[in-house]
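Close look at the chain arrangement
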Amino acid sequence: MARYDRAITVFSPDGHLFQVEYALEAVRKGNAAVGVRGTDAIVLGVEKKSTPKLQDSRSVRKIVSLDTHIALACAGLKADARVLINRARIECQSHRLTVEDPVTVEYITRYIAGLQQKYTQSGGVRPFGLSALIVGFDPDTGVPALYQTDPSGTFSAWKANATGRNSNSMREFLEKNYKETSGQETVKLAIRALLEVVESGGKNIEIAVMTKEQGLRQLEEAEIDAIVAEIEAEKAAAEAAKKPPSKDSLV
Amino acid sequence: MECVFGLVGDGFALVAADSSAVNSILVHKSNEDKIMILDSHKLLGASGEAGDRVQFTEYIQKNVHLYEFRNGIPLSTAAAANFTRGELAQALRKSPYSVNILLAGYDKDIGPSLYYIDYIATLHKVDKGAFGYGSFFSLSMMDRHYHSGMSLKEAVDLVDKCIVEIRTRLVVSPPNFVIKIVDKDGAREYAWRETIKDAEVPTA
């Protein structure tokens with residue numbers, strides 16, 4: 001097996017591209033990221049690993065704008081992300097210049113995925129070690145969309161999805177608890193999914209909301225703390241309701 | 001017969017441009033907007049070859065936007081002007097763009113500014129500037145009446161004086177003008193000065 005993971009252009013005998021699979025491993029080690037699509041907003045959430053005391057946290061933005069109506073969050077190698085994000089931003093402006101129309105979410109996802117695929121079929125290069133969650137509103141229809149790409153270059157649309165560390169637990173949670181939401185409810189759902197795998201508190205979570213009118217808005221730490229407090233209160237209330245009636249059960 | 005002129009006032013900059021799109025003796029339209037809103041706080045008034053004008057200014061606009069997305073902060077007016085001039089200079093010795101530009105902007109730290117950029121990539125930071133045959137009349141008018149720190153009313157009066165002068169003295173003067181303003185609240189259309197409105201379509 002060791003012979004088939006040197007150059008990625010080589011298939012293994014049982015049909016694997018090991019470099020791509022190793023790239024997916026890198027994604028699994030990256031920070032948790034979640035995206036939830038609502039009716040009028042799409043929410044992206046990312047786990048913030050504890051910032052070193054001397055680091056200026058404002059320079060580490062994990063949820064970025066690609067255009068006024070498109071945003072991206074990712075899990076995996078951050079340096080690879082920087083390259084892909086740069087190319088995507090250029091493509092967004094280039095598309096506007098040539099066809100005088102903003103990109104659709106699907107178009108830019110297809111572009112990013114296409115780029116990721118190119119690097120699985122070229123000599124001497126390695127795949128991009130990241131999975132991206134791309135959200136936005138289509139300029140003509142105004143329909144919200146959430147897409148995910150991965151190092152192999154595949155992409156698909158989702159109602160809600162997670163990637164990175166413990167993404168399986170988050171996805172399970174979303175599968176159980178997803179319903180069509182709007183506004184603040186969508187934000188809460190995203191935070192609840194993240195809280196399944198991340199230490200609670202605004203310090204450890206970065207949340208951004210994409211709306212048609214306002215574009216991408218990053219939530220302040222205080223706002224996140226407030227919502228987390230709401231969620232904890234709801235959880236506590238649910239726990240209390242579930243507890244069987246204490247003294248009167250034995251008659 | 002294209003006219004573009006502009007000036008800097010107290011906390012704002014104005015750019016005025018004619019709005020005719022002409023091909024030899026045919027007027028295609030009289031409401032062509034030649035002042036592009038480059039970003040939230042910049043205006044780009046351009047005159048010259050119609051194809052070059054649109055191609056070049058749109059190219060500059062998209063690059064200015066790209067910078068803002070890449071760096072999370074908009075370009076300063078001076079930087080945008082120098083970038084524009086650089087692009088013109090690079091194309092100059094291959095296939096030059098025949099576009100003359102007045103770039104007006106507002107920066108929080110230095111206030112309003114106006115840059116004169118001509119088709120051979122001359123760049124000047126100015127208080128008032130003009131291009132085209134109309135410049136003979138508008139520059140003279142501004143030389144006579146301009147002073148630094150004009151209020152909005154004074155500046156618009158001066159722009160109107162220039163437009164009257166162009167209308168009276170230029171042989172094929174454009175009928176309509178658009179005036180745009182940029183100040184701390186952003187770049188936006190200020191007014192039109194029309195003598196010809198597009199004819200209403202007759203209803204049956």
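Residues numbered from 1 in each chain as written. Chains lettered and ligands numbered in written order. Predicted model: local features only at pLDDT ≥ 70, side-chain atom pairs only at ≥ 80, totals over all residues. Heavy atoms only, no water.

Under an unreviewed UniProt entry, the name given to chain B is Proteasome subunit beta, and the organism recorded is Zingiber officinale. The UniProt entry for chain B carries this comment under Subunit (unreviewed entry): "Component of the proteasome complex." (UniProt positions renumbered as here; feature names shortened; annotations may be inferred.)

Labelled according to an unreviewed UniProt entry, chain A appears under the name Proteasome subunit alpha type, originating from Zingiber officinale. Regarding chain A, the UniProt comment filed under Function (unreviewed entry) reads as follows: "The proteasome is a multicatalytic proteinase complex which is characterized by its ability to cleave peptides with Arg, Phe, Tyr, Leu, and Glu adjacent to the leaving group at neutral or slightly basic pH." In UniProt, chain A has this text filed under Subunit (unreviewed entry): "The 20S proteasome core is composed of 28 subunits that are arranged in four stacked rings, resulting in a barrel-shaped structure. The two end rings are each formed by seven alpha subunits, and the two central rings are each formed by seven beta subunits."

The next subject is the packing of helix 2 (residues 78-99) of chain A against helix 1 (residues 50-71) of chain B. At their nearest, the axes of helix 2 of chain A and helix 1 of chain B sit 10 Å apart, and the two run at 155° to each other. Taken as axis vectors, helix 2 of chain A and helix 1 of chain B run roughly antiparallel relative to one another. Of the two possible hands of crossing, helix 2 of chain A and helix 1 of chain B adopt the one that is right-handed. Residues N86(A), R89(A), I90(A), Q93(A), R96(A) and L97(A) of helix 2 of chain A lie in contact with helix 1 of chain B, whose contacting residues are E58(B), Y59(B), K62(B), H65(B), L66(B), F69(B) and R70(B). Taken together, the residues of the contact of helix 2 of chain A with helix 1 of chain B break down into five nonpolar, three polar and five charged. (Axes fitted to C-alpha atoms, helices over the stretch in contact; angles between N-to-C directions. Helix = DSSP H or I, 4+ residues; strand = E, 2+ residues; numbered from the N terminus. Parallel < 35°, antiparallel > 145°, perpendicular 65-115°, else oblique. Left-handed = near helix turned anticlockwise from the far one by under 90°. Contact = heavy atoms within 4.5 Å. Nonpolar A, V, L, I, M, F, W, Y, C, P; charged D, E, K, R; others polar.)

The next thing to look at is the confidence of the model for chain B. Across chain B, the average pLDDT comes to 94, with 97% of residues at or above 70. Per the prediction output, this complex has pTM 0.89; the corresponding ipTM is 0.85. (pLDDT = per-residue confidence, 0-100.)

With 11 residues of chain A at the interface, the matching set in chain B holds seven residues. Across the interface of chain A and chain B, roughly 880 Å² is buried in total on both sides, 63% from carbon and sulfur atoms. Per-residue buried area on chain A facing chain B is highest for R89(A), Q93(A) and L97(A); these three make up 60% of the total on that side. Along the contact surface separating chain A from chain B lie zero salt bridges. Linking chain A to chain B there are two residue pairs in polar contact (both at pLDDT 80 or more). (Buried area = accessible area lost by both parts, 1.4 Å probe. Salt bridge = Lys/Arg side-chain N within 4 Å of Asp/Glu carboxyl O. Polar contact = N/O pair within 3.5 Å; in protein donor to acceptor, adjacent residues only side chain to side chain.)

With that settled, the discussion passes to the side chain of Q61(B). Residue and element names in this part refer to chain B. By the element assignment, Q61 lies in helix 1. Accessibility expressed as a relative area gives 13% for Q61, which makes it buried. Not counting chain neighbours up to four residues away, the residues in contact with Q61 comprise M36, I37 and L38. (Buried < 20%, exposed > 50% of the residue type's maximum accessible area, 1.4 Å probe, protein only.)

The next subject is the nonpolar core. Core analysis: the largest hydrophobic core is formed by 37 residues, its most contacted members being F5(B), L14(B) and V159(B). Counting only elements with at least two residues in this core, the list comes to strand 1 (4-8), strand 2 (12-18), strand 7 (99-107), strand 10 (128-131), helix 3 (134-145), helix 4 (152-169) and strand 11 (177-183) of chain B. With seven residues, the top contributor of residues to this core is helix 4 of chain B. In terms of nonpolar packing, the next biggest core, distinct from the first, is built from 27 residues, A160(A), A162(A), L189(A) and A190(A) among them. (Core = buried A, V, L, I, M, F, W, Y, C linked by side-chain atoms within 4.5 Å.)

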